[in-house]
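Tertiary structure, described
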Amino acid sequence: MTTVPARPPLARSSDRVIAGVCSGLALHLGWPVKNIRVGMVLAALAGGAGLVFYAWLWIMVPTADEAARRNARRPASSIAPAVSQGTGTIPAPAGPVPAPPVQVDDAGTAQGASGTAAPSPGRAADPPWFRWQSMKYGKEILLGCGLLLVAGILIAQLLGVDVPLGTLIPAAAVLGGASIAWMQLDETRRAGLVDKTKADQAGGWARLAAGLALVVAGVLVMVSGSGSWEQTWLALLASVAVLGGVVLVLLPWALKFWRDLEGERAGRIRETERAEIAAHLHDSVLQTLALIQRRAGSEHDVVRLARAQERELRGWLFQDPGRESGQFSDRIKAAAAEVEDLLGNPVEVVSVGDAAMTEAHEAMVQASREAMLNASRHGGGSVSVYLEASDGQAEVFIKDRGPGFDLSEVPEDRMGVRESIIGRMKRHGGSATILSTGEGTEVRLRFPAAGIDNAEGKS
Amino acid sequence: MNPSQGEPAPGNGTVRVVIVDDHAIFRSGLKADLDASIQVVGEAATVEQAVAVIAEQRPDVVLLDVHLPGGLGGGGREVIAGSAALLATTRFLALSVSDAAEDVVAVIRAGARGYVTKTISGAEITDAVFRVAGGDAVFSPRLAGFVLDAFGTAPADIADDELDKLSARELEVMRLIARGYSYKEVAKELFISIKTVETHVSAVLRKLQLSSRHELTKWAAERRLL
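Residues numbered from 1 in each chain as written. Chains lettered and ligands numbered in written order. Predicted model: local features only at pLDDT ≥ 70, side-chain atom pairs only at ≥ 80, totals over all residues. Heavy atoms only, no water.

Under an unreviewed UniProt entry, the name given to chain B is LuxR family transcriptional regulator, and the organism recorded is Pseudarthrobacter enclensis.

As annotated in an unreviewed UniProt entry, chain A carries the name Histidine kinase and comes from Pseudarthrobacter enclensis.

1. Description of the overall build of chain B
Scanning chain B from N- to C-terminus turns up 10 helices and six strands. By residue count, 55% of the 226 residues in chain B fall in the buried class. By sequence separation, contacts in chain B at least 24 residues apart represent 66% of the contacts at least 6 residues apart. Element-wise, carbon and sulfur atoms account for 54% of the exposed surface of chain B, whose accessible area totals about 9,400 Å². (Helix = DSSP H or I, 4+ residues; strand = E, 2+ residues; numbered from the N terminus. Buried < 20%, exposed > 50% of the residue type's maximum accessible area, 1.4 Å probe, protein only. Contact = heavy atoms within 4.5 Å. Areas by Shrake-Rupley, 256 points an atom, 1.4 Å probe, with all protein chains shown as cover.)

2. As for the overall build of chain A
The helix and strand inventory of chain A stands at 15 helices and five strands. Relative to its full complement of 459 residues, chain A shows a buried share of 33%. Sequence-distant contacts, at least 24 apart, represent 65% of the contacts inside chain A between residues at least 6 apart. If you sum the accessible surface of chain A, you get close to 26,500 Å²; carbon and sulfur atoms cover 66% of it.

3. Concerning helix α2 (residues 33–45) of chain A
Compared with the 18 Å implied by 1.5 Å per residue over 13 residues, the 19 Å span of α2 of chain A between its first and last C-alpha is a close match. Two residues or fewer past α2 of chain A, G47 of chain A is found with a positive phi of approximately 70°. (Expected span 1.5 Å × (residues − 1).)

4. Let's talk about the nonpolar core
One recurring pattern in soluble globular proteins: nonpolar side chains tend to sit buried together. By size, the foremost hydrophobic cluster in this structure holds 54 residues, and its most contacted members are F139, M174, I177 and V201 of chain B. Residue contributions to this core peak at seven residues, all from helix α6 (residues 141–151) of chain B. Once you skip the residues sitting within four places of it in the chain, M174 of chain B turns out to touch F139, A144, V147, L148, L166, V201 and V204 of chain B. The next biggest cluster of nonpolar side chains, apart from the first, holds 32 residues, and it includes V347, A394, I398 and I422 of chain A. (Core = buried A, V, L, I, M, F, W, Y, C linked by side-chain atoms within 4.5 Å.)

5. Re the sheet that holds strand β3 (residues 394–400) of chain A
Residues and elements named next belong to chain A. Read across the open sheet, the five strands follow the order β1-β2-β3-β5-β4; overall the sheet is mixed. Each of the sheet's edge strands pairs with one partner strand only, and the pair in question is β1 (347–352) and β4 (431–437). Strand-to-strand twist across the sheet, computed as the mean angle between neighbouring axes with direction ignored, equals 10°. In this structure, β3 lies alongside strand β5 (residues 440–447), joined through seven bridges in antiparallel fashion. Counted as the bridge partner of K399 is E442 from β5. Where helix α13 (residues 359–379) meets the sheet, it contacts β1, β2 (383–389), β3 and β5, and its direction lies at approximately 10° from that of β3. (Pairing = 2+ DSSP bridges. Axes fitted to C-alpha atoms, helices over the stretch in contact; angles between N-to-C directions.)

6. Notes on the environment of V339 of chain A
Tracing the chain through its elements places V339 of chain A in helix α12 (residues 328–343). A relative accessible area of 1% places V339 of chain A in the buried class.

7. Re unusual backbone geometry
All names here are of chain B. The backbone phi angle of R58 is positive, close to 45°, even though this residue is not glycine. Along the chain, R58 falls in the loop between α2 (47–57) and β3 (61–65). The exposure class assigned to R58 is exposed, which follows from its relative accessible area of 53%.

8. Concerning the UniProt feature "modified residue: 4-aspartylphosphate" (unreviewed entry) in chain B
Residue and element names in this part refer to chain B. Under the present numbering, the feature "modified residue: 4-aspartylphosphate" (unreviewed entry) in UniProt falls on D65. The exposure class assigned to D65 is buried, which follows from its relative accessible area of 5%. The residues touching D65, leaving out its near neighbours within four places in the chain, are V20, D21, D22, G76, L95, S96 and K118. (UniProt positions renumbered as here; feature names shortened; annotations may be inferred.)

9. With respect to the packing of helix α7 (residues 168–178) of chain B against helix α9 (residues 194–210) of chain B
Residues and elements named next belong to chain B. Two elements in contact, α7 and α9, have axes separated by 10 Å at closest approach and are oriented at 100°. Here α7 lies roughly perpendicular to α9, going by the angle between them. Only V197, H200, V201, A203, V204 and K207 of α9 make contact with α7, whose side of the interface consists of R169, E170, V173, M174 and I177. A breakdown of the residues in the contact of α7 with α9 according to their chemical character gives seven nonpolar, one polar and three charged. (Parallel < 35°, antiparallel > 145°, perpendicular 65-115°, else oblique. Nonpolar A, V, L, I, M, F, W, Y, C, P; charged D, E, K, R; others polar.)

10. Quick look at the packing of aromatic side chains
Evaluation of the coordinates by the stated rule reveals two aromatic pairs over all chains. Judged by centre distance (5.9 Å) and plane angle (15°), the ring pair of W253 of chain A and F257 of chain A falls under stacked. You can see W253 of chain A and its partner F257 of chain A sitting in helix α10 (residues 229–294), four residues apart, about one turn around the helix. An identical accessibility class is assigned to W253 of chain A and F257 of chain A; each is exposed. Against the face of Y181 of chain B rests K399 of chain A, its NZ or CZ located 4.4 Å from the ring centre. (Phe/Tyr/Trp six-rings, centres within 6.5 Å; stacked < 30°, edge-to-face > 60°. Lys NZ or Arg CZ within 6 Å of the ring centre and 35° of its normal.)

11. Brief notes about the sheet that holds strand β4 (residues 91–96) of chain B
Residue and element names in this part refer to chain B. Pairing in this open sheet of six strands is parallel, and the strands run β2-β1-β3-β4-β5-β6 from one edge to the other. The open sheet has two edge strands, β2 (38–44) and β6 (138–139), and neither has a second partner. Against the sheet, α2 contacts β1 (15–20), β2, β3 and β4, and its axis sits at roughly 140° relative to β2. On the sheet, helix α5 (residues 122–133) packs against β1, β2, β3, β4 and β6 and is oriented at approximately 150° with respect to β4.

12. Re the interface of chain B and chain A
Each side of the interface is counted separately: chain B has 24 residues, and chain A has 18 residues. In total, about 1,900 Å² of surface goes out of reach between chain B and chain A, with carbon and sulfur atoms giving 43% of it. When the buried surface of chain B facing chain A is broken down by residue, R142, R179 and E185 of chain B rank first, second and third, together holding 29% of it. Seen at the junction of chain B and chain A, the total is six salt bridges. Our count for the chain B to chain A interface comes out at eight residue pairs in polar contact (both at pLDDT 80 or more). The leading source of residues in the side of chain B that touches chain A is α6 of chain B, at five residues. A breakdown of the residues in the side of chain B that touches chain A according to their chemical character gives seven nonpolar, eight polar and nine charged. (Buried area = accessible area lost by both parts, 1.4 Å probe. Salt bridge = Lys/Arg side-chain N within 4 Å of Asp/Glu carboxyl O. Polar contact = N/O pair within 3.5 Å; in protein donor to acceptor, adjacent residues only side chain to side chain.)

13. Remarks on the pattern of salt bridges
A full pass over the atoms with the stated rule returns 27 salt bridges over all chains. Between E185 of chain B and R401 of chain A there is a salt bridge whose closest N-O contact spans 3.1 Å. With one member in each of two chains, E185 of chain B in helix α8 (residues 183–190) and R401 of chain A in the loop between β3 and α14 (415–427) form a pair that bridges those chains. Note that D127 of chain B is salt-bridged to R131 of chain B, the shortest N-O span being 3.9 Å. Residue D127 of chain B and its partner R131 of chain B are located together in helix α5, separated by four residues, close to a single helical turn.

14. Things to note about the UniProt feature "transmembrane region" (unreviewed entry) in chain A
All names here are of chain A. UniProt feature "transmembrane region" (unreviewed entry): in the numbering of this structure it lies at residues 38–61, 141–159, 165–185, 205–227 and 233–255. The annotated region residues 38–61 carries 83% helix and 0% strand content, and the separation between its end C-alpha atoms amounts to 20 Å. Annotated as residues 233–255, this span is 100% helix and 0% strand, and its ends, taken at the C-alpha atoms, are 31 Å apart.

Dropping the structure here:
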C-alpha cells in the first residue's frame, strides 16, 4: 500500500484511542502513529489548535466502515462509468470545505463497477484518476494557503499590527462563496450533460445556495460598512426583493433557452442514430438486394442470399447488447449460419440457456457442425437445431426430415458420422446418439456434468 | 417450423379468415398461398381498420401482424384488446417477421392462440389456421424455446403455484416441439395421443397467458417486455 502514490483514503481507523483520527491520519500519510499523536498533543497545548483540528477531522472524516459503504454504493450507477468519475467529487453537501473523504469517492468510482471497497495500488496507474487526484490536491493546497493566511493575520494582530478585519472578513466571505459556486462548475456541467440523477443535483443546489448566501452576506456587510444589523437586514430584504424580481423576469426566458437546448440535443442524437441505421442498411441490405437482382435466375442463390441477409439483420436488430458474446449458443448459431451459407438449406436454431465455452463445448460445437452438414446435405430440407445448456450440462439436438440412413450400413472408412460426431463426443466424455427413421434423422449430443469435468481434468 | 406436418386439418368446412398486415404485398402473397378451404373475408392495414373489420366480419381466425401502424402504438396487442368481446369465437394467430422475445410473448399474453413467423410455407400457415380454428394452440419451435427459457427447465414442485411452472410432461412436450417435432411425432415419442399433446400445449399457453410468476416477470423485464 505504501509503495505507490495511491494513498489509503483518509478514514477514521478502528484502531482508536478517542475517535481513531490519529491512526487514520497516520495510515493516510504513511507516518508512524506515535509521531502523529505526539504532534497532536503538542498542537493541543499550543492554544488548543490541536483540539480544534482533531474535532474538525472527527466531524468531517468518515469512519472506515462508512467510507467502504459509500464506496460500494457509488459505482453501482450503471450510467456511463466515464461520467461518474467526474461526479464522484460531489459527496454529501460538504460545506465550505472540500472534505478529504472526497478522495475515497474518486478512487472508488474510477475503479468502476467492481464494487470493492478496499483501495488497490493498481488503480494508481489509471491516468484519468491521476489527473483528478492532482487537481483535487490543488484545491486543498489553495485551502491550506487560505488557512495559513488567516493564521498569519491573527498572529500579526496579536503582535499589534492593525488589521482591517471589518473589510477582510466580508471579502473572505465573498471569495469563499464564489469559489464554492465556481468549484462545482466543471462537476455539474459534466454531471448535468449525461448523468441526470437528481441525487447529485441536490448536492449541487445546496452548494450553490451556500455560496450565494455567503457572497450576498459578504457584499452586504461590505456595503453597509459599519456592520450594523439593522442596516444589514434592510439591505438584505431589499436585495432579496430585487433578486426575486430579476428571477421572475428572466425565468421564462431561461426556461425557453433550456428547452431549446434540450430539443437541439435530442435532435442531434436522433440524427446520429438515423445516420448509423442508414449506414448499416446501405452496407448490408442494399448490397444484398443488388446481388439478388443480378442473380434473379438462380432460385437457390436468391434464397441463400435472402437467408444470410435476414440472419445478419436479425442479429443487428434484436441482439441484446448487454449479453456476453462468444458463449456456447453463439458458437452453435455461427456454425448453423456457416452450414446454411454452404448448402443453402435453412438451419433453425432454438436455444435455451447458455454456458461459457470449454474444451468440451468446443468439441460439441464441432460435432454439431458436422451433424448439421450431414443433415443439410442428406436431409435436403430445413434442419432444426435445439440446444439446452446450463453450467454443468449441455445438450444439442439436430433434426432433419430426410430419408434417413442406417448407421451399420455406413462404410467403415467414412469418417463423418463415426469419427467426427460419435468418436469426438466420446473422447471428451460426452455421448452421441443417432436415431434415424424413414421420416428423418435426429442426432442427439450430450455432455453430462461429470463428462465436462473429466475432459478438463485430462487436458 | 412445421409443428403438424402431414396431418389432416381438424375441420372439414371452410374457415373464415381476416388478414391484418400493413404490407399490401404480403397480404396478397399470403392470400395466394393459403389453401382453397380458407376463405379470406377481410383485410386491414391499421389497428383501427382491423378492429372494425373483425367486429363486422366476425371471422373464425385473424392472421395478425405484431407490428401495425395506428391506434396507440400497441400494434397487434391493441387489436386483440380492442376485439376482446369476440375472443370466445374469434381466434388470433400472430404472424410476424420478428422473433424477438418481447414481441412473441406480448402478443401471446394479450390472447393470441399461437405464433408463427412469416417465413413459413403456405401449407404450414394453412395448417396452423385450421389448428387455431379448432381451438388448439400453435407453438413454433422458437416459441417453445422462449417458454422453456422463461419458465425454466426444472419441473414443478408440488408446493409451487400451478401457474408458475410447467409440469414434467409439459416440459417434455415443449422440449420436443423446440427440437422440431410435429405434434404427431411428439405423440409417438411420448406414447400419448395427439389429443393429449394438444391438451398439454393448450395448458402451457394458458400458463404463459395467466402466470404472474416472479421469474417470468423478471425474464420479461430483462428483455424490456412489461
